[in-house]
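# Structural overview
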Amino acid sequence: MKLLWELYRAFFTIGALTFGGGYAMLPMLEREIVNKHKWSTQEELLNYFAIGQCTPGVIAVNTATFVGYNIKGITGGIAATLGVVSPSLIIITLIAMLLENFMDIVWVQHAFAGIRVAVCALIGSSVIKLAKSNLKKWWHAALAVGAFIVVAFGLSPVYVVVACAVLSFIFGKKVNQA
(Lines give C-alpha, C1' and ligand atoms only; values in the text may rest on other atoms or scores of the structure.)
Protein backbone atom coordinates (compact mmCIF):
# COMPACT_ATOMS: atom_id res chain seq x y z
CA MET A 1 0.00 0.00 0.00
CA LYS A 2 2.90 2.35 0.73
CA LEU A 3 4.25 1.92 -2.80
CA LEU A 4 0.84 2.72 -4.28
CA TRP A 5 0.68 5.90 -2.21
CA GLU A 6 4.21 6.85 -3.36
CA LEU A 7 3.19 6.27 -6.99
CA TYR A 8 0.09 8.40 -6.53
CA ARG A 9 2.03 11.17 -4.78
CA ALA A 10 4.87 11.22 -7.33
CA PHE A 11 2.48 11.44 -10.26
CA PHE A 12 0.26 13.93 -8.42
CA THR A 13 3.33 16.17 -8.12
CA ILE A 14 4.14 15.72 -11.80
CA GLY A 15 0.53 16.41 -12.78
CA ALA A 16 0.31 19.46 -10.54
CA LEU A 17 3.53 21.09 -11.73
CA THR A 18 3.46 20.28 -15.45
CA PHE A 19 2.11 22.95 -17.76
CA GLY A 20 2.10 22.35 -21.48
CA GLY A 21 1.42 18.65 -21.86
CA GLY A 22 3.48 15.52 -22.25
CA TYR A 23 6.73 16.95 -23.62
CA ALA A 24 6.93 19.48 -20.82
CA MET A 25 6.58 16.73 -18.23
CA LEU A 26 9.59 14.72 -19.43
CA PRO A 27 12.15 16.52 -17.21
CA MET A 28 9.90 16.06 -14.18
CA LEU A 29 9.35 12.39 -15.01
CA GLU A 30 13.08 11.90 -15.22
CA ARG A 31 13.64 13.60 -11.87
CA GLU A 32 10.87 11.72 -10.03
CA ILE A 33 10.91 8.30 -11.68
CA VAL A 34 14.57 7.82 -12.59
CA ASN A 35 16.59 9.98 -10.19
CA LYS A 36 14.50 10.20 -7.02
CA HIS A 37 12.63 6.89 -6.79
CA LYS A 38 14.77 4.79 -9.17
CA TRP A 39 11.68 3.04 -10.49
CA SER A 40 13.14 2.85 -14.00
CA THR A 41 16.19 3.76 -16.03
CA GLN A 42 16.25 6.76 -18.33
CA GLU A 43 16.09 4.45 -21.35
CA GLU A 44 13.05 2.63 -19.96
CA LEU A 45 11.38 5.96 -19.21
CA LEU A 46 11.98 7.14 -22.77
CA ASN A 47 10.46 3.88 -24.01
CA TYR A 48 7.37 4.41 -21.82
CA PHE A 49 7.16 7.98 -23.08
CA ALA A 50 7.43 6.86 -26.71
CA ILE A 51 4.71 4.24 -26.21
CA GLY A 52 2.61 6.87 -24.45
CA GLN A 53 2.89 9.08 -27.53
CA CYS A 54 1.95 6.31 -29.95
CA THR A 55 -1.12 5.09 -28.09
CA PRO A 56 -4.45 6.94 -28.17
CA GLY A 57 -4.97 9.39 -25.35
CA VAL A 58 -3.01 11.92 -23.38
CA ILE A 59 0.76 11.33 -23.23
CA ALA A 60 0.95 12.12 -19.52
CA VAL A 61 -1.82 9.67 -18.64
CA ASN A 62 -0.48 6.93 -20.90
CA THR A 63 3.06 7.29 -19.55
CA ALA A 64 1.85 7.31 -15.93
CA THR A 65 -0.18 4.19 -16.60
CA PHE A 66 2.78 2.36 -18.18
CA VAL A 67 5.19 3.33 -15.40
CA GLY A 68 2.71 2.46 -12.64
CA TYR A 69 1.83 -0.86 -14.26
CA ASN A 70 5.51 -1.74 -14.62
CA ILE A 71 6.14 -1.02 -10.94
CA LYS A 72 3.04 -2.52 -9.27
CA GLY A 73 0.81 -4.12 -11.89
CA ILE A 74 -2.77 -3.03 -12.47
CA THR A 75 -3.12 -1.30 -9.09
CA GLY A 76 0.11 0.60 -9.75
CA GLY A 77 -1.18 1.71 -13.14
CA ILE A 78 -4.40 2.91 -11.56
CA ALA A 79 -2.60 4.75 -8.73
CA ALA A 80 -0.20 6.51 -11.11
CA THR A 81 -2.99 7.42 -13.52
CA LEU A 82 -5.19 8.80 -10.75
CA GLY A 83 -2.20 10.71 -9.41
CA VAL A 84 -1.43 12.42 -12.70
CA VAL A 85 -5.05 13.38 -13.49
CA SER A 86 -6.16 14.46 -9.99
CA PRO A 87 -4.43 17.87 -10.04
CA SER A 88 -5.90 18.66 -13.46
CA LEU A 89 -9.40 17.78 -12.31
CA ILE A 90 -9.04 19.90 -9.19
CA ILE A 91 -7.45 22.85 -11.03
CA ILE A 92 -9.91 22.78 -13.94
CA THR A 93 -12.84 22.68 -11.55
CA LEU A 94 -11.49 25.69 -9.63
CA ILE A 95 -10.61 27.59 -12.79
CA ALA A 96 -14.04 26.95 -14.27
CA MET A 97 -15.60 28.37 -11.13
CA LEU A 98 -13.32 31.40 -10.82
CA LEU A 99 -11.43 32.30 -14.00
CA GLU A 100 -14.10 34.28 -15.73
CA ASN A 101 -13.99 36.75 -12.84
CA PHE A 102 -10.21 37.27 -13.19
CA MET A 103 -9.33 37.12 -16.92
CA ASP A 104 -9.55 40.90 -17.30
CA ILE A 105 -6.81 41.43 -14.69
CA VAL A 106 -3.55 42.33 -16.42
CA TRP A 107 -1.26 40.36 -14.10
CA VAL A 108 -3.33 37.20 -14.73
CA GLN A 109 -2.79 37.69 -18.47
CA HIS A 110 0.94 38.21 -17.86
CA ALA A 111 1.10 35.08 -15.69
CA PHE A 112 -0.35 33.01 -18.53
CA ALA A 113 2.14 34.56 -20.96
CA GLY A 114 4.97 33.59 -18.59
CA ILE A 115 3.65 30.05 -18.31
CA ARG A 116 3.69 29.74 -22.12
CA VAL A 117 7.35 30.82 -22.19
CA ALA A 118 8.25 28.30 -19.47
CA VAL A 119 6.51 25.53 -21.40
CA CYS A 120 8.55 26.37 -24.51
CA ALA A 121 11.75 26.15 -22.46
CA LEU A 122 10.75 22.79 -20.96
CA ILE A 123 9.89 21.37 -24.37
CA GLY A 124 13.21 22.68 -25.77
CA SER A 125 15.06 21.01 -22.92
CA SER A 126 13.30 17.72 -23.64
CA VAL A 127 14.13 17.95 -27.34
CA ILE A 128 17.82 18.52 -26.58
CA LYS A 129 17.95 15.56 -24.17
CA LEU A 130 16.16 13.30 -26.63
CA ALA A 131 18.46 14.40 -29.44
CA LYS A 132 21.60 13.74 -27.38
CA SER A 133 20.49 10.25 -26.45
CA ASN A 134 18.95 9.18 -29.76
CA LEU A 135 20.70 10.91 -32.67
CA LYS A 136 23.73 8.67 -32.85
CA LYS A 137 24.38 8.80 -36.62
CA TRP A 138 24.25 11.64 -39.13
CA TRP A 139 21.24 10.18 -40.90
CA HIS A 140 19.30 10.06 -37.60
CA ALA A 141 19.75 13.83 -37.34
CA ALA A 142 18.79 14.30 -41.01
CA LEU A 143 15.57 12.31 -40.46
CA ALA A 144 14.77 14.30 -37.32
CA VAL A 145 15.28 17.66 -39.05
CA GLY A 146 13.34 16.51 -42.11
CA ALA A 147 10.48 15.24 -39.95
CA PHE A 148 10.37 18.54 -38.06
CA ILE A 149 10.24 20.54 -41.28
CA VAL A 150 7.46 18.55 -42.92
CA VAL A 151 5.35 18.52 -39.74
CA ALA A 152 5.90 22.28 -39.37
CA PHE A 153 4.48 22.72 -42.88
CA GLY A 154 1.37 20.75 -42.01
CA LEU A 155 1.97 17.10 -42.93
CA SER A 156 0.26 14.73 -40.52
CA PRO A 157 2.62 13.29 -37.86
CA VAL A 158 1.17 9.85 -38.58
CA TYR A 159 2.61 9.91 -42.11
CA VAL A 160 5.91 11.28 -40.81
CA VAL A 161 6.28 8.49 -38.23
CA VAL A 162 5.53 5.81 -40.82
CA ALA A 163 7.87 7.39 -43.37
CA CYS A 164 10.70 7.72 -40.82
CA ALA A 165 10.28 4.10 -39.76
CA VAL A 166 10.47 2.92 -43.39
CA LEU A 167 13.41 5.22 -44.21
CA SER A 168 15.26 4.13 -41.06
CA PHE A 169 14.80 0.50 -42.00
CA ILE A 170 15.92 1.04 -45.61
CA PHE A 171 18.72 3.50 -44.88
CA GLY A 172 19.96 1.65 -41.81
CA LYS A 173 20.19 -1.55 -43.81
CA LYS A 174 22.17 0.16 -46.60
CA VAL A 175 24.58 1.76 -44.10
CA ASN A 176 25.14 -1.55 -42.30
CA GLN A 177 25.88 -3.33 -45.59
CA ALA A 178 28.48 -0.78 -46.63
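Now for a look at the structure at hand.

The rules behind these values
Residues numbered from 1 in each chain as written. Predicted model: local features only at pLDDT ≥ 70, side-chain atom pairs only at ≥ 80, totals over all residues. Heavy atoms only, no water. Helix = DSSP H or I, 4+ residues; strand = E, 2+ residues; numbered from the N terminus. Buried < 20%, exposed > 50% of the residue type's maximum accessible area, 1.4 Å probe, protein only. Contact = heavy atoms within 4.5 Å. Areas by Shrake-Rupley, 256 points an atom, 1.4 Å probe, with all protein chains shown as cover. Lys, Arg positive; Asp, Glu negative; His and termini not counted. Charge placed at Lys NZ, Arg CZ, Asp CG, Glu CD. Axes fitted to C-alpha atoms, helices over the stretch in contact; angles between N-to-C directions. Parallel < 35°, antiparallel > 145°, perpendicular 65-115°, else oblique. Left-handed = near helix turned anticlockwise from the far one by under 90°. Nonpolar A, V, L, I, M, F, W, Y, C, P; charged D, E, K, R; others polar. Phe/Tyr/Trp six-rings, centres within 6.5 Å; stacked < 30°, edge-to-face > 60°. Expected span 1.5 Å × (residues − 1). Arc of directions from axis to C-beta. Salt bridge = Lys/Arg side-chain N within 4 Å of Asp/Glu carboxyl O. Disulfide = S-S within 2.5 Å.

Here we take up the overall build of the protein chain. From N to C terminus, the protein chain includes 7 helices and 0 strands. By principal-axis analysis of the C-alpha atoms, the protein chain measures approximately 65 × 45 × 25 Å. Within the protein chain, the fraction of its 178 residues that count as buried is 28%. When contacts within the protein chain are restricted to residue pairs at least 6 apart in sequence, long-range pairs at least 24 apart make up 52% of them. Counting only carbon and sulfur atoms, one obtains 72% of the accessible surface of the protein chain, whose full area is about 11500 Å². Each charge class in the protein chain was averaged separately, 13 positive and 7 negative side chains, and the resulting centres sit 12 Å apart.

For the rest of this paragraph, the subject is the packing of helix α1 (residues 2–17) against helix α4 (residues 59–102). For the pair α1 and α4, interaxial distance at closest approach is 7 Å and the crossing angle is 40 degrees. Our classification of the angle between α1 and α4 gives oblique. Like other packed secondary-structure pairs, α1 and α4 cross with a definite hand, here right-handed. Each residue belonging to the contact of α1 with α4 can be placed in one class, and the counts come to 16 nonpolar, 6 polar and 1 charged.

So, about the packing of aromatic side chains. On inspection of all chains with the given rule, the structure shows 2 aromatic pairs. Relative to Tyr-8, the ring of Trp-5 has its centre 5.7 Å away and its plane inclined at 20 degrees; by these criteria the two rings are stacked. Linking Trp-5 with Tyr-8, this pair stays in helix α1, spanning 3 residues, or about one helical turn. Residue classification places Trp-5 among the partly exposed positions, given a relative accessible area of 49%. Here the aromatic rings of Tyr-8 and Phe-12 are separated by 5.9 Å at their centres, their planes lie at 35 degrees, and the arrangement is tilted. Of this pair, Tyr-8 and Phe-12 both sit in helix α1, 4 residues apart, which is roughly one turn of the helix. On the basis of relative accessible area, Tyr-8 is assigned to the partly exposed category, the value being 23%. An aromatic cluster of three or more residues is present, and its members are Trp-5, Tyr-8 and Phe-12.

Moving on, we get to α1. Its 16 residues place the ends of α1 23 Å apart at the C-alpha level, agreeing with the 22 Å of an ideal helix rising 1.5 Å per residue. Turning to α1, its buried residues number three or more, namely Leu-4, Glu-6, Leu-7, Ala-10, Phe-11, Ile-14 and Gly-15. Projection of α1 onto a plane perpendicular to its axis shows the buried side chains occupying an angular sector of 165 degrees, all on one side. Exposed side of α1, more than 90 degrees from the buried face: Lys-2 and Leu-17 are the residues found there.

The next point concerns the side chain of Glu-30. Its location among the elements puts Glu-30 in helix α2 (residues 22–36). Overall, the relative accessible area of 14% leaves Glu-30 in the buried class.

Where side chains of opposite charge bring their charged atoms close, a pairing between them can arise. Counted under the stated rule, the structure contains 4 salt bridges. When the shortest N-O distance is used, the salt bridge between Glu-6 and Lys-2 registers 3.9 Å. Of the two residues, Glu-6 and Lys-2 both sit in helix α1, 4 residues apart, roughly one turn of that helix. Judged by its relative accessible area of 64%, Lys-2 is exposed. A salt bridge links Glu-32 to Arg-31, with the shortest nitrogen-to-oxygen separation between them at 3.4 Å. On the basis of relative accessibility, which here comes to 40%, the residue Arg-31 falls in the partly exposed class.

The final tally for this structure, using the stated rule, is 0 disulfides. We note that Cys-54 lacks a disulfide partner, and the nearest cysteine sulfur, in Cys-164, lies 12 Å from it.

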